[in-house]
Amino acid sequence: MEDLDQTRCKPEFVDGIFEDLRWLGLDWDEPVLVQSQRTAVYQAALDDLKSLGVAYACFCTRADIAQSLAAPHGDAAAAYPGTCRPLPDDTERRAATPHCWRLDSAKALEIAGLPSWTETDGRSFTATTTEIGDAILARKDAPASYHLSCVVDDAASGVTMIVRGADLRASTPVQRLLQQLLKLPEPTYLHHALVTHEDGRRLAKRDLAPTLAAMRERGMDGPALAAKLLACEVPAGFRLQDA
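Residues numbered from 1 in each chain as written. Predicted model: local features only at pLDDT ≥ 70, side-chain atom pairs only at ≥ 80, totals over all residues. Heavy atoms only, no water.

### Let's talk about the layout of surface pockets
What the second largest pocket holds in volume is close to 480 Å³. Taken together, 13 residues line the second largest pocket, and the ones lying closest to its centre are Arg 62, Arg 102, Ile 136, Arg 139 and Ser 145. Within the residue set of the lining of the second largest pocket, elements represented by two or more residues are helix H3 (62-70), strand S2 (100-103) and helix H6 (146-157). For the lining of the second largest pocket, a count of residues per class yields five nonpolar, three polar and five charged. (1 Å grid on protein atoms, 1.4 Å probe; cavity = no way out; pocket = protein on both sides within 12 Å on 5 of 7 lines; lining within 4 Å. Points joined across faces, edges and corners; volume = space filled by probe spheres on them. Helix = DSSP H or I, 4+ residues; strand = E, 2+ residues; numbered from the N terminus. Nonpolar A, V, L, I, M, F, W, Y, C, P; charged D, E, K, R; others polar.)

### Quick word on the pattern of salt bridges
Enumeration over the complete set of coordinates arrives at 12 salt bridges. In this structure, Glu 19 and Arg 216 form a salt bridge, with 3.6 Å as the shortest nitrogen-oxygen distance. Of the two residues, Glu 19 is situated in helix H1 (residues 11-23) and Arg 216 in helix H8 (residues 212-217); the sequence distance between them amounts to 197 residues. For Glu 19, a relative accessible area of 43% translates into the label partly exposed. Assessed through its relative accessible area of 21%, Arg 216 is described here as partly exposed. Across the salt bridge formed by Arg 201 and Asp 199, the nearest N and O atoms sit 2.8 Å from each other. (Salt bridge = Lys/Arg side-chain N within 4 Å of Asp/Glu carboxyl O. Buried < 20%, exposed > 50% of the residue type's maximum accessible area, 1.4 Å probe, protein only.)

Okay, here's the thing in structure tokens:
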């Protein structure tokens, strides 16, 4: 259960997720890992990365990063320009100044090489250096980022196949690199097509997209809906975006 962002996570949201899954006829192993209860585990993983020399403190704000990328020498395609990468380790500054921890991707690739992965349809992929930047490992306000918590939790749960939307395929290179650095098992991947509105727009809360709870209240059959999606069929008003 991804609840590291305590400002956005509420118990009723967790209950709603479980209710939606049961309505679809899905089940899961117990116990469910709760990220907010695993801060010590994430810290241990971060310490391992620090000991490898592939993590550095970053003091940049979003405004700092935006200004760097807007400069004449900035790389508009870069996720982070590496401003804090060459800074010496400064314990006093870290104690006094909010900071996150980032992956030194260049050093990480020297150690582990370019990561690869296999999709369930048999296709194999090898990442390129441009797909792996200095991703955040631990945020200023949370003990772990999405990338670090995912790979640690998947390994702890014994997950052998990662099933997620095609929009998250871009996360795979850096997560595979972290798995290699932390010596975690390699899963296979299934990046499935997305269900969208008929005009191709992604379903989003901000657009008041229909929810599973609303479909359930209208009397729709949950297991029947799950079977349709498994067969790549969608209800009227929606369409499948290519994976």
